[in-house]
Amino acid sequence: MNVDIAIVGAGPAGLCLARSLADTGLSLLVIEQQSQDALQEPPFDGREIALTPRSVRILRDLGIWQRLGPADISPLRCARVLNGNMEHGLHVTPHRRDDTELGFLVPNDRIRRAAYASVEHEPRITLACGTSVESVVLNDSIARLHLSNGSEVNAKLVIAADSRFSRLRRDAGIAADMHDFGKTMLVCRMALEKPHGDEALEWFGHAQTLALLPLLNGEASAVVTLPPEDMRRLMDMDEAGFNAEIGRRFDHRFGAMRLTSTRHTYPLVGVYARRFVAERFALIGDAAVGMHPVTAHGFNLGLRSVEALASLIKQAAESGRDIASPDLLRRYQRMHRHATWPLYAATMAIVKMYTNDRPIARRARSVLLQASQTLSPVRYAIARTLAAGGHGVFSPSRHRG
Ligand SMILES: Cc1cc2nc3c(=O)[nH]c(=O)nc-3n(C[C@H](O)[C@H](O)[C@H](O)COP(=O)(O)OP(=O)(O)OC[C@H]3O[C@@H](n4cnc5c(N)ncnc54)[C@H](O)[C@@H]3O)c2cc1C
């Protein structure tokens, strides 16, 4: 089979890119190892994705946001960062007075479902589901993919959106810096006895990091980060024991907490590819930059990669130029590195500091948070950096001084 562009991975990034290029006249093939049923009706995976206003705009332009129902979108009005036993911590509200939200929370499975629906009937997009890419061969005239179903695909450009553990990245000879934090993150939905006030909470406790993301109807997403052994004990608990344990870990701030969903765990691994491009090849989404999962930037940055690469490809296609020229790919790499590196580096530094339980680190972050409450510029700087290390809910806009 010959196509203009082969996109590997129909996760949110791969599907959004396919949607962005659907009207260019280019032929697109999206290859995904999961079944079509799993793409059409993805199961709940525990992730509630905090989207910045910019991401909402991109999704709206792609016609994906409109496919979400009102029950899928929870507003995020403000956020609070606590350290240890601190009572109030750092409070972050929208920067512009007329903004009523910092951002919005949407379940990952709803984003995936809406993104799939947006490409499902596009005439220029072919979906090859239930088959994975086994290998890729790149040269200056063509890229060739070998699929697990035995078929071969020739493409002018291959775009890898195959997760932070990308196989294609390795096959293309691109090295990546990978940091395993040695911790596990649990995410699940819980009903709260006391109201959350649409406020997100990021709490750096001793030997644990907690977050609470406000959802509709008095529910919230509880996010607990622990060493793997402690996490196994927590996951082994029956529902009643789990509810009591999470309530205790949140210091009963929200009264009784009751599990309302399945529980999901994720390893904490950050990945940054050394290059985003090779000959006739580009990385997008987590395959390019896999943010520390405790931050809410992963998909937001994934959308930035989609926006940057799609605009360059569209310009080239419109003017009849090569859609995979070395110059185009280099420009994409520059744009995406510029958009992601400062945030990635700050995230790594902050996460290391905020998950360090030595007394000196605890005191240092306490001092930082206190200073940030009173000194407006300091507060702004810290809120911005914490936007990378916390749940990213601070990044959409600056907070009031
Ligand atoms: C707990 C948690 C909370 C998060 N919260 C937020 C948040 O609040 N805000 C935010 O912006 N981001 C958040 N993220 C990050 C966000 O979920 C990811 O950035 C996003 O899902 C990445 O999308 P992707 O399409 O790049 O990769 P993925 O979602 O990993 O999709 C990759 C796809 O490629 C397919 N694939 C892999 N290999 C092959 C192959 N060889 N052949 C064919 N197909 C293949 C896979 O089956 C999969 O469908 C969170 C992540 C976690 C874990």
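Residues numbered from 1 in each chain as written. Predicted model: local features only at pLDDT ≥ 70, side-chain atom pairs only at ≥ 80, totals over all residues. Heavy atoms only, no water.

The next thing to look at is the site of the ligand. Taken together, 29 residues form the shell around the ligand, and within it E32, R47, A50, D286 and A296 come nearest. Contact distances for the ligand include 3.3 Å between an oxygen atom and a backbone N or O atom of P12. If the ligand stood free it would expose 1,000 Å²; the protein chains cover 91% of that surface. Among the secondary structure elements, those contributing two or more residues to the shell around the ligand are α1 (12-21), β2 (28-32), β3 (48-51), α8 (285-288) and α9 (298-318). For the shell around the ligand, the class distribution of residues is 13 nonpolar, 11 polar and 5 charged. (Near = heavy atom within 4 Å. Polar contact = N/O pair within 3.5 Å; in protein donor to acceptor, adjacent residues only side chain to side chain. Areas by Shrake-Rupley, 256 points an atom, 1.4 Å probe, with all protein chains shown as cover. Helix = DSSP H or I, 4+ residues; strand = E, 2+ residues; numbered from the N terminus. Nonpolar A, V, L, I, M, F, W, Y, C, P; charged D, E, K, R; others polar.)

As a further point, take helix α4 (residues 108-119). The terminal C-alpha atoms of α4, which comprises 12 residues, lie 17 Å apart, in line with the 16 Å expected from a rise of 1.5 Å per residue. Of all 12 residues in α4, 9 are buried, a share of seventy percent or more. Restricting attention to buried positions, one finds in α4 the residues N108, D109, I111, R112, A114, A115, Y116, S118 and V119. Contacts from the buried residues of α4 go to α1, α2 (36-40), β3, β7 (103-107), β8 (125-129) and α9. (Expected span 1.5 Å × (residues − 1). Buried < 20%, exposed > 50% of the residue type's maximum accessible area, 1.4 Å probe, protein only. Contact = heavy atoms within 4.5 Å.)

This part takes up the sheet that holds strand β4 (residues 74-76). The pairing of strands in a sheet comes from backbone hydrogen bonds and takes either a parallel or an antiparallel form. Read from one edge of the open sheet, 3 strands run β3-β7-β4, paired in antiparallel fashion. Each edge of the sheet is formed by a strand with only one pairing partner; in this case those strands are β3 and β4. Each neighbouring strand pair of the sheet contributes to a mean axis angle of 30°, computed without reference to strand direction. Summarising the sheet, β4 and β7 pair through 3 bridges and their orientation is antiparallel. The residue bridging L76 from the neighbouring strand is G103, located in β7. (Pairing = 2+ DSSP bridges. Axes fitted to C-alpha atoms, helices over the stretch in contact; angles between N-to-C directions.)

This next bit is on the packing of α1 against α9. Between α1 and α9, the least distance of the axes is 9 Å, while the angle of their chain directions is 30°. Accordingly, the angle class assigned to the pair α1 and α9 is roughly parallel. Crossing handedness for the pair α1 and α9: right-handed. Of the residues in α9, those touching α1 at P12, A13, C16, L17, S20 and L21 are F299, L303, V306, A310, I313 and K314. Of the residues that constitute the contact of α1 with α9, the class distribution is 10 nonpolar, 1 polar and 1 charged. (Parallel < 35°, antiparallel > 145°, perpendicular 65-115°, else oblique. Left-handed = near helix turned anticlockwise from the far one by under 90°.)

Let us look at the environment of N2. Along the chain, N2 turns up in strand β1 (residues 2-8). A relative accessible area of 61% places N2 in the exposed class. With 152 residues separating them along the chain, N2 and N154 place their C-alpha atoms 4.8 Å apart. Looking at N2, its side chain comes within polar contact range of the side chain of N154, at 3.1 Å.

Counting through the fold element by element, R112 comes out in helix α4. Lacking a salt bridge, the buried R112 has D45 as its closest oppositely charged neighbour, with an N-O distance of 4.9 Å. When sequence neighbours within four positions are dropped, the list of residues in contact with R112 reads P12, L15, Q34, A38, L39 and P42. (Lys, Arg positive; Asp, Glu negative; His and termini not counted. Salt bridge = Lys/Arg side-chain N within 4 Å of Asp/Glu carboxyl O.)

Right, let's get into a positive patch on the surface. On the surface, R321, R330, R331 and R334 cluster together into a positively charged patch. Position of R334 among the secondary structure elements: in helix α10 (residues 326-354). (Patch = residues over 30% accessible without salt bridge, like charges linked within 9 Å, V, L, I, M, F, W, Y side chains within 5 Å. Charge placed at Lys NZ, Arg CZ, Asp CG, Glu CD.)

Along the chain, the position of E134 falls in strand β9 (residues 133-138). Judged by its relative accessible area of 36%, E134 is partly exposed. Distance from E134 to N149, taken between C-alpha atoms, is 9.4 Å for residues 15 residues apart in sequence. Once you skip the residues sitting within four places of it in the chain, E134 turns out to touch H146, L147, S148, R167 and D171.

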